Amino acid sequence: MSNTTAAATPGAFQFPEIYNFPPFFTRQPNESTWQEQRRQWCDLILAYYKHNRLYSLTLAEAITEPPFTNRQIHRSLRVDVLRELVDDLVKQGNASWTGAKNAKDSCLVLWRKPEVWASMIYQWANERGLFNTVLTVFELANGDDAVGQEFHNLDSVTLRRALDVLQSQGKAQLFVGTSDEDMGVKLFV
Amino acid sequence: ANEIVSMAEHIATQLNSPAASKLHRKDAAESDEDNAERVDAFRQYLLDLGIDSPVTRNTAGAVFHDELARELCDYLENYVSQCGGTVALVDAYCLYNRAREFSLVYPSDFVQACEKFEALQLPLRLREYPSGLLVLEDASSASDALIISRVGAYIASFGPLTASDLAAIEDCALTLAEERLWLCERAGALCRDESVEGVRFYANAFAAAAAVGAGRGEGDVQEPLWQYI
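Worth saying up front: this structure is predicted, and the values here are computed from it rather than measured.

### Thoughts on the sheet that holds strand S2 (residues 124-128) of chain B
Residues and elements named next belong to chain B. The strand order across the open sheet formed by 3 strands is S1-S3-S2, and the pairing between neighbours is antiparallel. Edge positions in the sheet fall to strand S1 (86-88) and S2, since each of these pairs with one other strand and no more. With strand direction ignored, the average angle separating the axes of adjacent strands in the sheet is 25 degrees. Strand direction decides the pairing type here: S1 and strand S3 (residues 134-138), joined by 3 bridges, are antiparallel. Pairing of Thr86 across the sheet is with Glu137, part of S3. Each of S1, S2 and S3 is contacted by helix H6 (residues 89-100), which is oriented at about 80 degrees to S1, the strand it contacts most.

In structure tokens form, the structure reads like this:
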């Protein structure tokens, strides 16, 4: 399982068998059954979002589309169940609520944790000798040097989270520009 | 002798008080069961002494419910068997009272007698499901394990079941079919699919998946396999 594969993953997403099992879309009342069900849902959500390079979800819209709707079997996950699943993902560090506080209607899906993105970026900067130079955040993720890297064209909100991690670890300094795209960053040892 | 009689009458009145009859209620506390037995025994002593009590039926309480329980079992045992081993309590009550014709039995007395089946080692049992449904069951054939394996076999043959499907197969009341499906679900043998078409029960594929996962040593790992560092 290499960590320097190209960013784009080819082919259609392979759904697990459980995806075609109608009870998968009903919140199971039996507690131990639910534990297994939610484990499979969390895995599916992260795998699907990673495969399709999606970074955020708005609950009310998401439930009408795959993976939360399976048109073949005419089943959809209910929005309150999805909310419960996102809460689980938040607990394990794989999601983060965005939008209005306590509204819980949109979130980031962190199929790769910001800490992991952070260390990838830092390692790349080390290899390219980019320490102690100021780059724009935009250039860092979208410039020519980033082509072929996992974080190439990374979603800006997620990228910002990763850089925040580096800053808190004392490995980077962010400079506020007039907008997020103008924001600068300097990485150092 | 007069002193003993008046003392006995005083005790009899206390035994017939609301507090004492509370001890016989279904939801009496554990410690109250001992007290209830002592109360019953005492009533029996009073009867033996030939003491009159203002409320005759309650004085016979010690013996009345036991005798009623035996009579009920004799009468209902065959009926319960014919109905496949389980009958809703209300149905049993109606049937029995209709047979008694004139000296009808109060519902509370009926229930109290049924509660004694197990203690008297009679062949029927009173059972309360979590939803509150009360049934009389054949003590020998109505165990949970039997129900679970039967329902599992039906699903293997006929596919996923709704409560009305099961009621048709077992020729039983719809509420009873529901209780059986919920019992299997609580035991983890089944899982449910809720849709506009209603509720349908499947064999629990999640339990099977969990077993495979545990066998592989994944257990409760929070980090999904695909997330590599």
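### Quick notes on unusual backbone geometry
Of the consecutive residues Pro66 of chain A and Pro67 of chain A, the connecting peptide bond is found in the cis state with omega at 0 degrees. For Pro67 of chain A, the location among the structural elements is in the loop between helix H2 (59-62) and strand S2 (69-70). With a phi angle near 55 degrees, Gln121 of chain B is a residue other than glycine that sits in the positive phi range. Following the sequence through the fold, Gln121 of chain B ends up in the loop between helix H7 (107-115) and S2.

### Considerations on the sheet that holds strand S5 (residues 106-109) of chain A
All names here are of chain A. Read from one edge of the open sheet, 3 strands run S1-S5-S4, paired in antiparallel fashion. Looking along the sheet, the strands with just one partner apiece sit at the ends: strand S1 (56-58) and strand S4 (95-98). Taking the axes of each pair of neighbouring strands and ignoring which way they run, one obtains an average angle of 25 degrees across the sheet. Of the pairings in the sheet, the one linking S1 to S5 comprises 3 bridges and is antiparallel in character. Residue pairing for S5: Thr58 is matched across the bridge by Ser106. Taken strand by strand, helix H3 (residues 79-91) contacts S1, S4 and S5, and its axis lies near 120 degrees from that of S4.

### Some thoughts on helix H8 (residues 144-158) of chain B
Within an α-helix, residues lying three or four positions from one another point in the same direction, as the helix has 3.6 residues per turn. All names here are of chain B. Counted at 1.5 Å a residue, the expected span for H8 with its 15 residues is 21 Å, and the 21 Å between its end C-alpha atoms agrees. Within the sequence span of H8, burial applies to Ile147, Val151, Tyr154 and Ile155. All buried residues of H8 fall inside an arc of 95 degrees around its axis, so they share one side. More than 90 degrees from the buried face of H8, the exposed residues found are Ala145, Ala156 and Ser157. Residues of H8 that are buried in the fold lie against helix H9 (163-170), helix H10 (174-186), strand S4 (190-195) and strand S5 (198-203). The positive-phi residue at the C-terminal boundary of H8 is Gly159, with phi of around 90 degrees.

### Thoughts on helix H6 (residues 156-168) of chain A
All names here are of chain A. An ideal rise of 1.5 Å per residue puts 18 Å on 13 residues; H6 measures up with 18 Å between its terminal C-alpha atoms. If you check which residues of H6 are buried, you get Thr158, Leu159, Ala162, Leu163, Val165 and Leu166. Buried residues in H6, looked at end-on, bunch into an arc of 150 degrees, giving them a common side. Looking at the buried residues of H6, the elements they touch are S5, helix H4 (114-127), helix H5 (137-142), strand S7 (172-175) and strand S8 (184-187).

### Section: the confidence of the model for chain B
Residues and elements named next belong to chain B. Counting all residues, the mean pLDDT for chain B is 77, and 71% of those residues have values of 70 or more. Confidence drops under pLDDT 50 across residues 50-56; counting only partners more than four residues distant or on other chains, this segment forms 7 contacts. Here residues 217-229 is modelled with pLDDT under 50, and outside its nearest four sequence neighbours on either side it reaches 29 contacts, counting other chains as well. At the level of chain-chain contacts, confidence expressed as ipTM amounts to 0.81, with global pTM at 0.69.

Parameters and conventions
- Residues numbered from 1 in each chain as written.
- Chains lettered and ligands numbered in written order.
- Predicted model: local features only at pLDDT ≥ 70, side-chain atom pairs only at ≥ 80, totals over all residues.
- Heavy atoms only, no water.
- Pairing = 2+ DSSP bridges.
- Helix = DSSP H or I, 4+ residues; strand = E, 2+ residues; numbered from the N terminus.
- Axes fitted to C-alpha atoms, helices over the stretch in contact; angles between N-to-C directions.
- Contact = heavy atoms within 4.5 Å.
- Expected span 1.5 Å × (residues − 1).
- Buried < 20%, exposed > 50% of the residue type's maximum accessible area, 1.4 Å probe, protein only.
- Arc of directions from axis to C-beta.
- pLDDT = per-residue confidence, 0-100.

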